[in-house]
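Per-entry structural report
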Amino acid sequence: MGINHLETGIRLSQQWNFPPILQKCVALHHSPWPPALDETPDDATRIKQLLAIVRVSNSASRLLESEQPRAEGLEGENSASQLDFQAVRRLTEQVDNLMEGLGTN
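A short tour of the structure in this document, coming up. Chains are numbered independently. Their residues run from 1 in the order of the written sequence. The predicted nature of this model means local features are confined to residues of pLDDT at least 70 and side-chain atom pairs, given and counted, to a pLDDT of 80 or more, with totals for whole chains, interfaces and linings taken over all residues. Hydrogens and water molecules were not included; the side-chain quantities draw on all heavy atoms of the structure.

Of note in this structure, Asn 17 is not a glycine but carries a positive phi near 55 degrees. For helices the rule is a DSSP run of H or I covering at least 4 residues; for strands it is a run of E covering at least 2, with both sets numbered from the N terminus onward. Positionally, Asn 17 belongs in the loop between helix H1 (5-15) and helix H2 (20-28).

Quick look at the structure:
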C-alpha cells in the first residue's frame, strides 16, 4: 500500500479536523524525546504532556500485550502485575483534565 500508520494517522487527523495540537501529537508520536517544537510555551507544554501520555499508553499496551500468551498467572519482573494501578488512575485523571482543557471532551 505504501503508507505507514504514522502517515495514515496524520492524514486522518487532518481529514477529521482534529485540533492542531492533536495533529501535531499524531505527527510526533514516534519522534525522539524531547520533541523539537516551534509552538508557544503553553502549546509546547500541552503537546509534551499529550506525547508523554501516548508514550506511557504505548508502553502499557506493549506490556499487557506481552502477557497475552501466558496462562492464568501473571509472573515475572516485567509482567502486567507490576503495573501501579494508582498511577494509572492518576494518569487517567490527568488525561481527562488535559482533554477538557483542550476542549475535546
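On to the pattern of salt bridges, then. Salt bridge, as used here: a side-chain nitrogen of Lys or Arg that lies within 4 Å of a carboxyl oxygen of Asp or Glu. Applying the stated criterion to the full structure yields two salt bridges. For Asp 43, the salt bridge is made with Arg 46, and the minimal N-O distance between the two is 3.9 Å. Remark: Arg 46 and Asp 43 occur in helix H3 (residues 41-67); sequence separation between them is three residues, near one turn of the helix.

Time to look at the nonpolar core. One recurring pattern in soluble globular proteins is that nonpolar side chains are buried together. Membership of the largest hydrophobic core is limited to 12 residues, which are Ile 21, Leu 22, Cys 25, Leu 28, Leu 37, Ala 44, Ile 47, Leu 50, Leu 51, Ile 53, Leu 98 and Met 99. Contributing elements (two or more residues each) for this core: H2, H3 and helix H4 (85-102). Here this core takes five residues from H3, the largest share from any one element. For this analysis, a nonpolar core means a set of buried residues of the types Ala, Val, Leu, Ile, Met, Phe, Trp, Tyr and Cys, connected via side-chain atoms within 4.5 Å. Here's how the labels work: a residue is buried when its accessible area is under 20% of the maximum for its type, exposed when over 50%, partly exposed in between, all with a 1.4 Å probe on protein chains only.

Examined against the element boundaries, Ala 44 turns out to sit in helix H3. Accessibility expressed as a relative area gives 13% for Ala 44, which makes it buried. Sequence-wise, Ala 44 and Ile 21 are 23 residues apart; in three dimensions their C-alpha atoms are separated by 8.9 Å. Beyond its immediate stretch of four places on either side in the chain, Ala 44 contacts Leu 37 and Glu 39. The criterion used for residue contact is that any of the two residues' heavy atoms lie within 4.5 Å.

For any pair of aromatic rings, the description rests on two quantities: the centre-to-centre distance and the angle between the ring planes. Pairing of aromatic side chains here covers Phe, Tyr and the six-membered ring of Trp, requires ring centres within 6.5 Å, and sorts the geometry by plane angle: under 30 degrees stacked, over 60 edge-to-face, intermediate tilted. Inspection of every chain in the model, using the stated rule, returns one aromatic pair. Between Trp 16 and Phe 18 the ring centres are 6.1 Å apart and the planes differ by 40 degrees, which places this aromatic pair in the tilted class. Using a relative accessible area of 54% as the deciding quantity, one classes Trp 16 as exposed. By relative accessible area, Phe 18 is classed as partly exposed at 30%.

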